[in-house]
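Inside the fold
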Amino acid sequence: MVIRKSTVSSPRIALGAMRIAGMTQEQADRYLSTALECGLNYFDHADIYGGGQSERIFGETVKRLGIAREKLVIQSKCGIVPGKMYDLSKEHILESADGILERLQTDYLDLLLLHRPDALMEPEEVAEAFDILEETGKVRAFGVSNMDPGQIELLKKYVEQPIVVNQMQFSLTNASMVTEGINVNIEGHDRGLVRDGGILNYCRRNDITIQAWSPLQFGMFAGTFLGHPDFPELNGEIDLLAEKYGLTPEGIAVAWILRHPADMQVVVGTTNPERIQNMARAQKVKISREDWYRLYMAAGNQLP
Ligand SMILES: NC(=O)c1ccc[n+]([C@@H]2O[C@H](COP(=O)([O-])OP(=O)(O)OC[C@H]3O[C@@H](n4cnc5c(N)ncnc54)[C@H](OP(=O)(O)O)[C@@H]3O)[C@@H](O)[C@H]2O)c1
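Summary of the structure given here. (Residues numbered from 1 in each chain as written. Predicted model: local features only at pLDDT ≥ 70, side-chain atom pairs only at ≥ 80, totals over all residues.)

Here we take up the nonpolar core. Leu112, Ala212, Val254 and Val266 are the most contacted members of the largest nonpolar core, which has 87 residues in total. Among the elements that line this core, the one with the most residues is helix H9 (residues 249-258), at 7 residues. Valine 254 has contacts with Ile13, Pro215, Val266, Val268, Met279 and Ala282, leaving out every residue within four places of it along the chain. (Core = buried A, V, L, I, M, F, W, Y, C linked by C-beta atoms within 7 Å. Buried ≥ 20, exposed ≤ 12 C-beta atoms within 10 Å, placed from the backbone. Helix = DSSP H or I, 4+ residues; strand = E, 2+ residues; numbered from the N terminus. Contact = placed C-beta atoms within 7 Å.)

In structure tokens, the structure reads:
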């Protein structure tokens with residue numbers, strides 16, 4: 001059970017739908033069928049992906065292929081009003097959830113996540129919205145994204161439902177969640193700086209599943225580090241280990257995240273059926289401790 005504290009049963013890899021908005025019917029059919037053939041039935045959406053088009057395409061594809069709703073785990077996120085503000089008010093959460101359900105053509109979401117912290121969030125209002133969504137059967141479980149322990153604790157003071165997921169950026173090249181722990185109390189550089197309030201240990205202590213978003217990207221959507229000329233050492237190491245473990249480079253990048261004992265779920269954003277298959281295979285591979293550290297250092301990280 002990857003999502004602890006919930007009844008949701010899920011694979012260790014979730015498919016992120018952020019990039020599917022431009023798909024043709026044929027591409028969408030292949031995307032969804034390939035995922036399900038690989039046992040990947042967990043899908044991550046957000047109301048803003050493709051301006052709503054990602055959810056729309058997904059809902060239409062599920063209908064067209066005649067896939068039973070209970071075969072899928074569908075999660076979406078709300079709270080971002082692009083370019084304008086973050087909005088975790090009760091009204092916005094409720095309105096957003098209704099829009100999501102309509103676009104996805106479903107009666108319920110398995111999970112709804114608060115997409116980003118809203119500086120003006122009133123946790124009492126979030127609690128009211130969650131109660132309504134739960135009582136009306138529209139949402140079965142709740143989570144957050146990009147939140148630190150203090151923000152989650154503040155929510156928990158009012159919200160009755162368990163927070164079961166926190167979606168965070170984590171990859172070989174965006175590894176500050178582990179780097180801060182490796183460099184505790186070391187002076188002379190900022191690698192020991194805690195930017196997230198110690199979220200990794202907090203989530204582990206509280207059985208909140210970390211979902212790692214953008215597992216193959218460097219920076220903030222700057223591109224994939226796989227095959228990128230700025231990361232020769234990392235790619236060299238990835239290629240060697242791909243050979244050793246019988247995976248492709250993207251499989252190794254995913255296996256590196258899965259190897260962490262926090263039991264994270266990886267949210268992969270590929271739209272390519274072959275890459276879906278390659279990454280699904282990583283679920284069965286446990287890379288060694290030594291190889292985990294080799295990759296970490298090849299990505300430019302240092303051990304004190
Ligand atoms: N909570 C949040 O704030 C947040 C933020 C961002 C994303 N997310 C979630 O995380 C999911 C994943 O994010 P992401 O799409 O940025 O993740 P990603 O899996 O790191 O990146 C996917 C992108 O990399 C490309 N790619 C993968 N392997 C490649 C290779 N070997 N060579 C060249 N290109 C390659 C893919 O192209 P192809 O499609 O051609 O494979 C796709 O464009 C999103 O869909 C969304 O659900 C959440």
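Attention shifts here to the packing of helix H2 (residues 53-65) against helix H3 (residues 90-104). Contact geometry of H2 with H3 gives a least axis separation of 7 Å together with a crossing angle of 40°. As judged from the angle between their axes, H2 and H3 are oblique. On the side of H2, the interface is formed by Glu55, Arg56, Phe58 and Gly59, while H3 contributes Ile100, Arg103 and Leu104. Of the residues in the contact of H2 with H3, the class split is 3 nonpolar, 1 polar and 3 charged. (Axes fitted to C-alpha atoms, helices over the stretch in contact; angles between N-to-C directions. Parallel < 35°, antiparallel > 145°, perpendicular 65-115°, else oblique. Nonpolar A, V, L, I, M, F, W, Y, C, P; charged D, E, K, R; others polar.)

So, about the site of the ligand. Around the ligand, 26 residues are found, and the nearest of them are Gly16, Met18, Leu216, Gly269 and Thr270. A per-class count over the shell around the ligand returns 9 nonpolar, 13 polar and 4 charged. (Near = placed C-beta within 6 Å.)

With that settled, consider the sheet that holds strand E8 (residues 163-169). In spatial order, the strands read E1-E2-E3-E6-E7-E8-E9-E10; together these 8 strands close into a barrel with parallel pairing. Across the sheet, the mean angle from the axis of one strand to that of its neighbour is 30°, orientation sign disregarded. Where strand E7 (residues 139-145) lies against E8, 3 bridges are found, and the strand directions are parallel. Within E8, the position partnered with phenylalanine 142 by the bridge is isoleucine 163. Across the sheet, H3 touches strand E3 (73-78), strand E6 (109-114) and E7, and the angle it forms with E3 is around 140°. (Pairing = 2+ DSSP bridges.)

By the secondary structure assignment, leucine 94 is in helix H3. Given 18 C-beta atoms within a 10 Å radius, leucine 94 is considered partly exposed. Along the chain, leucine 94 and alanine 253 lie 159 residues apart, while their C-alpha atoms are 37 Å from each other. Among all residues touching leucine 94, those that are not within four sequence positions of it are Ala129 and Ile132.

Moving on, we get to unusual backbone geometry. Backbone geometry places aspartate 207, a non-glycine residue, at a positive phi of 55°. Structurally, aspartate 207 is set in the loop between helix H7 (199-205) and strand E9 (209-213). Assessed through the 14 C-beta atoms surrounding it within 10 Å, aspartate 207 is described here as partly exposed. Look at serine 214: it is not a glycine, yet its phi comes out positive at around 50°. Its place among the elements puts serine 214 in the loop between E9 and helix H8 (232-245).

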